[in-house]
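# Structural features, examined
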Amino acid sequence: MSANELVRGDSSSARLVARRRMTSAELATWRSLVDTTAELRRVLGAELQETTLSPADYQVLLALTEANGKRMRSSELARTIDWERSRLSHHLGRMEGRQLIRRDGCATDSRGAEISLTAEGARVFRRATAPHMRSIKRHFADVLTPEQFAALGDILRALQEHLDAQAVAR
């Protein structure tokens, strides 16, 4: 069975793979993925904090920057960044204190809140984005060849398709 068959997700190959235990090489690759992504997040997070934003701040501000009208319901924001609502609420309180975001009551639901990006939040986000992108380039993009990027893209698409199918099946 070739690596291409696994990446393409051929059903007969997938069934064969599902029936056997993971090899030591597969387990080592899994562990390497976990360790490397954790280290990459740590390095990028440390460099991002030099801009006064934590990775969590950046994640919230990115979601709001990309949102229609630079605002969204808190429940939608929690889903978008995959956080529990209580964690988000506490973090938004800290960000609101720094005037990065504003919380307003939701016109359609008295229990909900509408989160908006403030001018200060947009300014801080813009100021942090260029150094953050340089860090991503230095620690990720510059390390991989075009062929490795293509292979990684194929691998990530296969994994995402599998996870999406699992989510639909639940």
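Anything mentioned here points back to the structure above.
The sections below set out a description of the structure shown in this document. (Residues numbered from 1 in each chain as written. Predicted model: local features only at pLDDT ≥ 70, side-chain atom pairs only at ≥ 80, totals over all residues. Heavy atoms only, no water.)

The next point concerns the layout of surface pockets. The volume enclosed by the second largest pocket comes to roughly 400 Å³. In terms of lining, the second largest pocket is formed by 13 residues, of which the most central are L40, R41, L44, H132 and I136. Mapped onto the lining of the second largest pocket, the elements with two or more residues apiece are α3 (24–49), α4 (55–66) and α7 (119–139). Ranked by residue count, the leading element in the lining of the second largest pocket is α3, at 6 residues. Partitioned by chemical class, the residues of the lining of the second largest pocket number 8 nonpolar, 4 polar and 1 charged. (1 Å grid on protein atoms, 1.4 Å probe; cavity = no way out; pocket = protein on both sides within 12 Å on 5 of 7 lines; lining within 4 Å. Points joined across faces, edges and corners; volume = space filled by probe spheres on them. Helix = DSSP H or I, 4+ residues; strand = E, 2+ residues; numbered from the N terminus. Nonpolar A, V, L, I, M, F, W, Y, C, P; charged D, E, K, R; others polar.)

Let's shift gears to the environment of T37. Mapped onto the fold, T37 is located in helix α3. With relative accessibility at 30%, the residue T37 sits in the partly exposed group. Of note is the side chain of T37, whose polar atom sits 2.8 Å from the backbone oxygen of L33. (Buried < 20%, exposed > 50% of the residue type's maximum accessible area, 1.4 Å probe, protein only. Polar contact = N/O pair within 3.5 Å; in protein donor to acceptor, adjacent residues only side chain to side chain.)

Further remarks concern the environment of F140. Mapped onto the elements, F140 comes out in the loop between α7 and α8 (146–169). F140 sits in the partly exposed class, given a relative accessible area of 29%. For the pair F140 and L44, spaced 96 residues apart in the sequence, the C-alpha separation amounts to 9.9 Å.

Following the criterion strictly, the structure yields 12 salt bridges and no others. A salt bridge links R20 to E26; the nearest nitrogen and oxygen atoms lie 2.6 Å apart. R102 serves as the salt-bridge partner of D104, at 2.9 Å between the closest nitrogen and oxygen. Here D104 falls in the partly exposed class, since its relative accessible area comes to 27%. Assessed through its relative accessible area of 37%, R102 is described here as partly exposed. Linked through salt bridges whose partners overlap, the residues forming this network are R71, R102, D104 and E114. (Salt bridge = Lys/Arg side-chain N within 4 Å of Asp/Glu carboxyl O.)

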